[in-house]
Every structure is written in C-alpha cells, then in structure tokens.
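Topology and contacts: notes
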Amino acid sequence: MSSTKHELEKDEPRPLYMDFQATTPMDPRVLDAMLPYQVNYYGNPHSRTHAYGWESESAMETARKQQVADLIGADPREIIFTSGATESNNMAIKGVARFYQAKKRHVITTQTEHKCVLDSCRVLESEGFSITYLPVQTNGLLDLELLEASIRPDTSLLSVMTINNEIGVRQPIEEIGQICRSKGVFFHTDAAQAVGKIPLNVTDCKIDLMSISGHKIYGPKGVGALYVRRRPRVRMEPIQNGGGQERGLRSGTVPTPLAVGLGAACSIAQHEMEYDHNRVSMLANRLVQKIMAGLPDVIMNGDPVRRYPGCVNLSFAYVEGESLLMALKDVALSSGSACTSASLEPSYVLRAIGADEDLAHSSIRFGIGRFTTEEEVDYTAEKCIHQVSRLREMSPLWEMVQEGIDLKSIKWTQH
Amino acid sequence: MAASARAQVISLYRSMLSASKKFPSYNYRTYALRRVRDAFRANRNIEDPKTVARLMTEGQQTLALIQRQVTIGKMFESQKIVVEG
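The rules behind these values
Residues numbered from 1 in each chain as written. Chains lettered and ligands numbered in written order. Predicted model: local features only at pLDDT ≥ 70, side-chain atom pairs only at ≥ 80, totals over all residues. Heavy atoms only, no water. Helix = DSSP H or I, 4+ residues; strand = E, 2+ residues; numbered from the N terminus. Buried < 20%, exposed > 50% of the residue type's maximum accessible area, 1.4 Å probe, protein only. Areas by Shrake-Rupley, 256 points an atom, 1.4 Å probe, with all protein chains shown as cover. Lys, Arg positive; Asp, Glu negative; His and termini not counted. Charge placed at Lys NZ, Arg CZ, Asp CG, Glu CD. 1 Å grid on protein atoms, 1.4 Å probe; cavity = no way out; pocket = protein on both sides within 12 Å on 5 of 7 lines; lining within 4 Å. Points joined across faces, edges and corners; volume = space filled by probe spheres on them. Nonpolar A, V, L, I, M, F, W, Y, C, P; charged D, E, K, R; others polar. Contact = heavy atoms within 4.5 Å. Buried area = accessible area lost by both parts, 1.4 Å probe. Salt bridge = Lys/Arg side-chain N within 4 Å of Asp/Glu carboxyl O. Polar contact = N/O pair within 3.5 Å; in protein donor to acceptor, adjacent residues only side chain to side chain.

On a plain count of helices and strands, chain B comes out with three helices and zero strands. Mapped in sequence order, the helices and strands of chain B form the string α-α-α. By its C-alpha atoms, chain B is 45 × 20 × 15 Å across when sized along the principal axes. The buried share of chain B, taken over its 85 residues, is 35%. Taken as a whole, chain B presents about 5,400 Å² of accessible surface, with 54% of it coming from carbon and sulfur. Taken as two groups, the 15 positive and 6 negative side-chain charges of chain B have centres that lie 4 Å from each other.

Given below as structure tokens:
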C-alpha cells in the first residue's frame with residue numbers, strides 16, 4: 001500500500017482533517033500552557049532542592065489534581081502519568097493480573113478492544129492465564145448477561161473500552177461497573193476516546209482503573225494517565241521500575257510540559273464538554289444525513305443511539321474502501337479495514353459485529369471534532385457522494401445489482 | 001450594565017475577533033471566531049458587576065493567548081487546506 005503514500009508538494013493544498021479518532025490537533029490553549037515549561041521552567045519535577053524542581057513539581061501536581069482528577073471525579077493520588085493509553089492499558093492489565101495471580105488466573109475482555117489490550121491479554125495467556133474474549137452483538141454492544149455469566153471465582157479483572165475508536169459505540173459502563181463490583185472483579189476501562197467528551201465519573205460508574213490519552217483530547221502526544229482506585233484499593237505490579245516516581249507504579253521522570261499539556265487539555269475539555277458535544281452531534285447528523293440522502297446502500301456500523309456522535313463508520317456497498325480513500329484524497333480519513341497496514345484482512349472490530357465481509361472492506365471512518373467546520377462537513381459529504389457514485393458506475397457488481405440480480409445467488413466459478 | 005462597562009465589553013469583543021481573524025490555521029481561526037462569538041452571546045445578559053469583571057479579566061487573558069498563538073502560527077505556517085479560498 002506504500003504506492004499510495006505521497007507527501008504534499010510545497011504549494012499543494014492540505015487535505016481537510018476528518019480523522020479525529022486517530023489523533024487530534026493540539027488546542028492552542030494547551031500549547032500556550034506548555035510552552036513556558038519547554039523554554040524557561042525546565043526543571044525536573046522530582047528535584048527537591050531548588051526552585052526549578054519546585055515550580056515544575058507544582059505544575060505537575062496542578063495538572064494531576066485540578067485538571068485530570070477533577071475531570072473524572074478522582075482523587076489526585078489516584079492519577080498516574082504515563083506515556084499514553086497504550087502504556088496505561090499494559091500497566092492495568094498485566095499489572096493487576098500478575099499481582100493477584102496466586103489466587104486469580106482469569107481475565108475477561110472483549111473482541112473489540114484496542115490492539116494493546118488484546119495483545120497484553122495474549123502475553124498473559126502465554127504466562128498461563130486464562131482469558132475470555134467476549135463477543136459483541138451486531139450493534140457493537142456487549143450482552144450484559146453473557147458478561148455476568150463469564151465471571152468466575154478466579155476472575156481478577158474485566159477490561160472493556162468506554163467508546164470504541166473504530167465505530168464509536170458506547171458500552172454500558174455504569175451497568176458493567178455495577179456487575180463487577182457486585183462480583184468482586186476489578187473493572188478497567190480504556191477511556192481514551194471518551195474522557196473529556198462525555199461525562200465520566202469513576203465513582204458513579206464503579207470504575208477501578210481507567211486509561212486516558214492526551215492526544216485524543218487536543219492535548220500533546222506522548223502522554224496519558226492511568227487512574228488507579230485507592231478505595232477499595234487496587235494493587236498492581238509495576239511494569240516500569242526505577243526511582244519510585246508515581247507511587248512506585250511508573251518510575252521515570254514525569255515530563256512536566258506534557259503533564260501540563262494533558263492537564264490543560266482535560267481542564268479545557270471539562271469546560272467545553274457540552275458546547276463541543278452539541279456541535280459535534282450537529283455536524284455528525286449533517287454529514288450522515290447529507291450522505292444518506294445522496295447515496296443508496298450506505299450502512300452505519302454500530303448502534304445508532306448508544307454512540308459517540310463524532311465517530312461515524314459507514315460502509316458503502318459495492319465500493320472498495322481503499323479505492324474510495326484514494327479517491328477522497330482531499331479529505332484525511334481512515335478506513336475501518338486493516339488493509340491500510342500490511343494485511344488485506346478487514347478490521348477485527350467490523351468482523352466482531354458480524355459485518356458482511358464485503359461491507360467490512362467498504363467501510364470508512366469519519367472523525368469529527370472540536371475544530372471541524374460546517375464547510376468541511378459539506379465538502380466531505382459532496383466529495384463522498386460524487387466519488388462513491390463514480391466508483392459504483394465502474395463496478396460490474398453494481399451493474400448486476402441494478403439489474404435486480406441477487407449477488408448472493410451467484411455461483412462464482414474457479415478458473 | 002453601566003454604559004462604560006458595556007463599552008468596554010464591546011471593545012474587548014472586537015479586539016478578540018480581530019485577533020482571532022489573524023490565525024493562519026483555518027481550523028484555529030474558524031474555531032476562535034466562533035467560540036468568542038458564542039461565549040459573548042451566552043453571557044450577554046449577565047448583570048452582576050463582579051461576574052462581569054471576572055469575565056472581562058478572563059477575556060483579556062484569552063486575548064493575550066490568541067495573540068501569542070497567532071504569532072507562533074505565523075512562524076510555522078504551512079499550506080492552506082482545500083476548503084480555503
């Protein structure tokens with residue numbers, strides 16, 4: 001797929017950005033908060049003996065307390081700074097499972113989790129743990145009865161992401177937390193796509209561990225956090241050892257500018273949550289309605305209601321996803337298919353929701369965020385309608401469908 | 001609101017819009033203009049002088065922030081995006 005890569009020429013206009021789940025631009029207010037710590041206030045926050053250390057520590061603690069902790073209803077002592085949600089997920093899953101392994105050797109997760117969660121579980125399997133990968137329904141949501149039935153006396157941890165990064169589906173976190181608490185199982189959620197976008201309270205939802213990512217909420221890349229409950233206490237084996245920073249759970253110098261950036265991003269998100277949510281919902285509806293009015297045979301993947309509006313995953317029947325992405329080169333988008341990486345396999349998330357093989361290859365993810373404009377949405381919708389129509393015109397499959405042939409009845413011959 | 005306070009608010013509003021227009025980045029520029037407008041609109045019925053004073057101070061700080069970030073944006077300018085001009 002490297003033949004499609006093409007860096008922009010000097011005067012070539014940049015595509016408009018509609019891939020907010022992959023990453024987000026930094027809010028100017030975040031950069032503004034970080035810069036002093038990149039220029040003059042460069043002390044190590046763990047230096048105890050001089051003003052450089054003290055001012056750096058103070059900034060780090062403000063970020064921890066007033067900003068990150070406050071956003072999710074946690075105590076600042078429960079927030080550990082990490083390098084991002086991937087590290088947080090690794091810490092939570094491996095760290096908790098290993099700590100309790102003497103008596104508990106079972107972990108539950110879902111088939112639609114992020115790769116870092118699935119891969120951490122795979123590592124645990126190789127260490128002798130037993131993992132249950134729960135299936136999801138066709139709308140992307142978990143079956144709560146099935147979840148409850150999978151819990152065993154030796155289950156230490158359940159990991160379920162709050163909002164899915166590919167299809168935007170929002171799991172019933174409050175109910176899941178309730179089930180876990182009643183059964184004495186720790187509840188971890190990868191909330192990277194949810195924090196700062198929807199109200200999340202770790203007490204209301206009975207969450208024990210939560211992963212947070214800076215660059216999904218208009219903060220800097222390279223920083224995140226892990227929320228680790230203190231009451232009732234969650235114990236973990238640290239993955240990264242050293243000088244004992246971050247309560248011994250994550251040694252290493254906390255990068256003050258990045259922590260400040262994460263804090264600023266969380267604080268801004270809390271302030272802007274309602275405004276952003278209203279606007280993103282409005283824009284998402286506009287995009288979907290325009291596209292569906294202009295094209296037949298478009299399917300939205302994932303529950304239409306229990307979702308985050310800013311993540312829209314659509315399948316365009318009879319059109320190949322990669323071709324459509326290439327045709328939409330003016331818009332920065334991503335496909336739901338993993339064929340943007342080496343393999344031609346469709347995305348495992350789409351497979352898990354039972355999407356038809358063909359539809360899985362025809363899916364595109366539209367990401368809308370704080371900085372998206374009506375103009376960008378309209379441009380994207382128009383281009384999409386135009387290109388899908390054009391690609392369909394060229395498709396023999398589309399021609400057959402127009403003639404009323406049922407594609408599923410065709411017996412394709414081998415040559 | 002007292003006439004002089006009202007004049008100050010309008011003056012701040014104009015300054016913030018004028019500063020926001022200077023963002024080289026399409027997305028930052030449109031966001032700043034929209035957000036400033038919506039924020040002033042949302043607060044237009046506030047009477048309490050203390051609240052007004054606090055909001056004015058926040059506005060001044062935001063104005064300075066916009067000016068700094070516009071300058072940085074100009075230092076690191078890139079190509080326009082497809083929907084501009």
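Take empty space enclosed by the protein next. Residue and element names in this part refer to chain A. Counting across every chain of the model gives two cavities of 30 Å³ or more. In this structure, the largest cavity spans a volume of roughly 90 Å³. What lines the largest cavity is Gly 196, Lys 197, Ile 217, Tyr 218, Met 273, Asp 276, His 277, Val 280, Tyr 308, Gly 369 and Arg 370. Looking at the lining of the largest cavity residue by residue, the class counts come to five nonpolar, three polar and three charged.

Opposite the 27 residues of chain A that make contact, chain B presents 19 residues. When chain A packs against chain B, the two sides together hide about 2,100 Å² of surface, and 56% of this comes from carbon and sulfur. Summed over the three residues of chain A that lose the most area to chain B, namely Arg 14, Asp 32 and Tyr 275 of chain A, the buried surface amounts to 29% of that side. Inspection of the chain A/chain B interface yields two salt bridges. When the shortest N-O distance is used, the salt bridge between Asp 32 of chain A and Arg 68 of chain B registers 2.5 Å. Seen at the junction of chain A and chain B, the total is 13 residue pairs in polar contact (both at pLDDT 80 or more).

Now for the side chain of Gln 387 of chain A. All names here are of chain A. Take Gln 387: it is sitting in helix H11 (residues 374-393). Looking at Gln 387, the relative accessible area reads 10%, which means it is buried. Residues in contact with Gln 387, not counting those within four places in the same chain, are Leu 324, Ala 327 and Leu 328.

All names here are of chain A. Tracing the sequence through the fold places Ile 108 in strand S3 (residues 106-110). Residue class for Ile 108 comes out buried when judged on its relative accessible area of 0%. In the structure, Ile 108 is positioned 62 residues away from Arg 170 in sequence and 18 Å away in space, judged by C-alpha atoms. When sequence neighbours within four positions are dropped, the list of residues in contact with Ile 108 reads Thr 132, Leu 134, Ser 150, Ile 151, Thr 155, Leu 157, Leu 158 and Ser 159.

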